Amino acid sequence: MTGAQTDVEQVELANTAFYEALERGDFDEVSDLWLDSADGEGSADDTDGDGADTDAISCVHPGWPVLTGRGEVLRSYALIMANTEYIQFFLTDLKVGVAGDTALVTCTENILSGGPPPEGGGELGPLVGQLVVATNVFRRTPDGWKLWSHHASPVLAETDDEEGDETPS
């Protein structure tokens, strides 16, 4: 087994841990998986270029603007977890590339989620499926691979309804 294979496997494990922590609603673990200045990476006033600026951490959730900085990114996950009763990710099309201390993961998130029960209702609200493509960028730290950036975009579903199709023939 080569070093590159070991790195790829470690990045895959970090990526899986991220999605599993989201499914469990484990905010502490999600926080631990993101870069932090304690990871030996650069700080906001890092001018010698020895590491990633944790203020440069970024996240784009489907339909959201770009979120930057560790605090803003983690607040977004806290909000999502507080307002999502159930979420499950089925990852497909997973590809991992490693270059030095940076890794890139692309995948399709097949998401099944449900909100709170309807007013006066008993169990979980209706389940909704969503297809999202995601890019996760990881940095190697003394504590393992940590997320540097997450970008997720919805995949538009094709319809058989050609009535509204304005594409010229």
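On a predicted model such as this, the values are computed, not experimentally measured, just so you know.

Criteria and thresholds
- Residues numbered from 1 in each chain as written.
- Predicted model: local features only at pLDDT ≥ 70, side-chain atom pairs only at ≥ 80, totals over all residues.
- Heavy atoms only, no water.
- Core = buried A, V, L, I, M, F, W, Y, C linked by side-chain atoms within 4.5 Å.
- Buried < 20%, exposed > 50% of the residue type's maximum accessible area, 1.4 Å probe, protein only.
- Helix = DSSP H or I, 4+ residues; strand = E, 2+ residues; numbered from the N terminus.
- Contact = heavy atoms within 4.5 Å.
- Pairing = 2+ DSSP bridges.
- Patch = residues over 30% accessible without salt bridge, like charges linked within 9 Å, V, L, I, M, F, W, Y side chains within 5 Å.
- Areas by Shrake-Rupley, 256 points an atom, 1.4 Å probe, with all protein chains shown as cover.
- Salt bridge = Lys/Arg side-chain N within 4 Å of Asp/Glu carboxyl O.
- pLDDT = per-residue confidence, 0-100.

*Asks:* How should the nonpolar core be read in this particular structure?
*Replies:* Generally speaking, a soluble globular protein has its nonpolar side chains buried in company with each other. Grouped together as the largest cluster of nonpolar side chains are 30 residues, with contacts concentrated most on Phe 18, Leu 22, Val 30, Trp 34, Tyr 77 and Phe 138. Within the residue set of this core, elements represented by two or more residues are α1 (3-24), α3 (70-82), β3 (86-99), β4 (102-114), β5 (127-141) and β6 (144-154). Ranked by the residues each element gives to this core, the list is headed by α1, at 7 residues. Discounting residues that sit within four places of it in the chain, Tyr 77 has contacts with Phe 18, Leu 22, Val 30, Trp 34, Cys 59, His 61 and His 150.

*Asks:* For this particular structure, what's the right way to read the pairing of β3?
*Replies:* Working note: regular strand, side chains alternate between the two faces of the sheet. Inspection of the sheet shows β3 paired to β4 by 12 bridges, in the antiparallel sense. By the bridge assignment, Phe 89 is partnered in β4 with Ile 111. Adjacent in sequence and paired antiparallel, β3 and β4 are bridged by 2 residues, among which Gly 100 carries a positive phi angle near 65°.

*Asks:* Looking at this structure, I do not really get a nonpolar patch on the surface. What am I missing?
*Replies:* Judged by side-chain polarity, Leu 131, Val 133 and Val 155 come together as a nonpolar surface patch covering roughly 200 Å² of accessible area. With respect to the secondary-structure elements, Leu 131 resides in strand β5.

*Asks:* I would appreciate a short explanation of the sheet that holds β3 in the present structure.
*Replies:* Sheet strands pair by backbone hydrogen bonding; their relative direction is either parallel or antiparallel. A sheet is described by the order of its strands in space; here 6 strands give the open sequence β2-β1-β6-β5-β4-β3, paired in mixed fashion. Each of the sheet's edge strands pairs with one partner strand only, and the pair in question is β2 (67-68) and β3. In this sheet, β6 lies alongside strand β1 (residues 58-60) in parallel orientation, the contact comprising 3 bridges. Bridge assignment links Cys 59 to a residue of β6, and that residue is His 150.

*Asks:* Hey, could you run me through the pairing of β5 in this one?
*Replies:* When β4 meets β5, the two strands line up antiparallel, connected through 13 bridges. Bridging across to β5, Thr 102 finds its partner in Arg 139. If you look at the hairpin formed by β5 and β6, you'll find 2 residues sitting between the two strands.

*Asks:* Is there a simple way to explain unusual backbone geometry in this structure?
*Replies:* Negative phi values dominate among residues other than glycine, just as trans dominates among peptide bonds. The backbone of Asp 93 sits at a positive phi, close to 55°, despite the residue not being glycine. We classify Asp 93 as exposed; its relative accessible area is 52%.

*Asks:* What am I meant to see in the confidence of the model for the protein chain here?
*Replies:* Parts of the prediction with low pLDDT should not have their coordinates interpreted in detail. On average, residues of the protein chain carry a pLDDT of 84, and 75% of them reach 70 or more. Predicted confidence in the protein chain is weakest over α1, with a mean pLDDT of 92, and strongest over helix α2 (residues 27-32), with 98. With pLDDT under 50 throughout, residues 41-50 is counted as low confidence; its partners more than four residues away or in other chains account for 16 contacts.

*Asks:* Just to check I follow, could you spell out the environment of Leu 147 for this structure?
*Replies:* Turning to its location among the elements, Leu 147 is positioned in strand β6. Taking the relative accessible area as the measure of exposure, Leu 147 reaches 0% and is therefore buried.

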